[in-house]
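Below are the chains, spelled out letter by letter.
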Amino acid sequence: MTQIDSKIKSDKVPSFSVVVISYDGRDFLRKSLKGLEQSAWRPNKIIVIDDHSSDDSGAMVQKEFPYMEYIYNENNIGPTASRNRGAKLALGEYVVFLDNDIIVRPDSLKRLISFLDATKDAGMVGGKLLNKRGEKIFWNMGYRPNFIRAAIGKILYFFLQPFLARSTRARDFLMNFSLNYWDYDRSIPVGWVIESFIAVRLELFIQVHGFDEQFFMFHEGPDLSDRLREIGYQTYFVHNALVTMLEGHVHSLAKRKKMFRTSTWRYYKKHYFHF
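Parameters at a glance
Residues numbered from 1 in each chain as written. Predicted model: local features only at pLDDT ≥ 70, side-chain atom pairs only at ≥ 80, totals over all residues. Heavy atoms only, no water. Buried < 20%, exposed > 50% of the residue type's maximum accessible area, 1.4 Å probe, protein only. Helix = DSSP H or I, 4+ residues; strand = E, 2+ residues; numbered from the N terminus. Salt bridge = Lys/Arg side-chain N within 4 Å of Asp/Glu carboxyl O. Axes fitted to C-alpha atoms, helices over the stretch in contact; angles between N-to-C directions. Parallel < 35°, antiparallel > 145°, perpendicular 65-115°, else oblique. Left-handed = near helix turned anticlockwise from the far one by under 90°. Contact = heavy atoms within 4.5 Å. Nonpolar A, V, L, I, M, F, W, Y, C, P; charged D, E, K, R; others polar.

Novice: Tell me about helix 9 (residues 220-230), residues and numbers included.
Specialist: Burial analysis of helix 9 places nine of its eleven residues in the buried class, the great majority of the element. Trailing helix 9 by a residue or two, Gly232 shows a phi angle of about 100 degrees, which is positive.

Here is the structure:
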């Protein structure tokens, strides 16, 4: 019996692989991989894609998790391309993508994948992200990105911001018209889910050529949702597949905002403006 067999309980489950992407987040990565060891459902493979880290993440993985497949990118190609690289090594019906700051619970993968397996029109599903205080992450999921809706939200925010200084939820609702503003006791179809904890039918993922690597970071999930929708498959938010997001950001806030603006423009150009 291998170490992974002894540490991760085995049931008769749909076949799937897990791709974990990481960049200079060794301590977050260790916590994430330890969480996977406690999963009630065992993946065919756990693939760690290290996007050119300089913090000895590789040595840690190879020492503490030698049964996992570890791939080191010779250049920093970004999370989108790293996910695609991991998916090429995946085995099974489904592939789960996990950021290195996501801590799964013992039943997280079971709930996420069992919903995908049972929902025939589901091409991609995402779980519910909570921060360390157990609060919702408000960019978890939402409507299909819409240029007009976003513009209206920003206009309302501009005029109402003096009254919203103490209300994070209200700010988020006005800025994004976020579906995640409300609590859900059921799983629902959505326009998109954040890429941090998702599962996709591997055959469909290959059919649509994976994530669009024009999106270095941000909007690759909404873009994939749109392309799956074009071939008849929905994206769902799975309300009871809970994980903890540690928000282990490496890039500065200013750099993340710049990348977000670039990806937002690229998304609208691709799906709305067509030039």
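Novice: Outline the pattern of salt bridges, listing residues and values.
Specialist: As enumerated under the stated definition, the model contains ten salt bridges in all. In this structure, the salt-bridge partner of Asp27 is Arg26, at a minimum N-O distance of 3.6 Å. Linked by salt bridges that have partners in common, Arg26, Asp27, Arg30 and Glu64 make up one network.

Novice: Kindly report on the packing of helix 2 (residues 26-37) against helix 3 (residues 57-64), identifying the contributing residues and their values.
Specialist: As a packed pair, helix 2 and helix 3 sit with axes 9 Å apart at the nearest point and diverge in direction by 25 degrees. When the axes of helix 2 and helix 3 are compared, the pair comes out roughly parallel. Taken as a pair, helix 2 and helix 3 cross one another with a handedness that is right-handed. On helix 3, the residues that touch Arg26, Leu29, Arg30, Leu33 and Lys34 of helix 2 are Ser57, Met60, Val61 and Glu64. The class makeup of the residues in the contact of helix 2 with helix 3 is four nonpolar, one polar and four charged.

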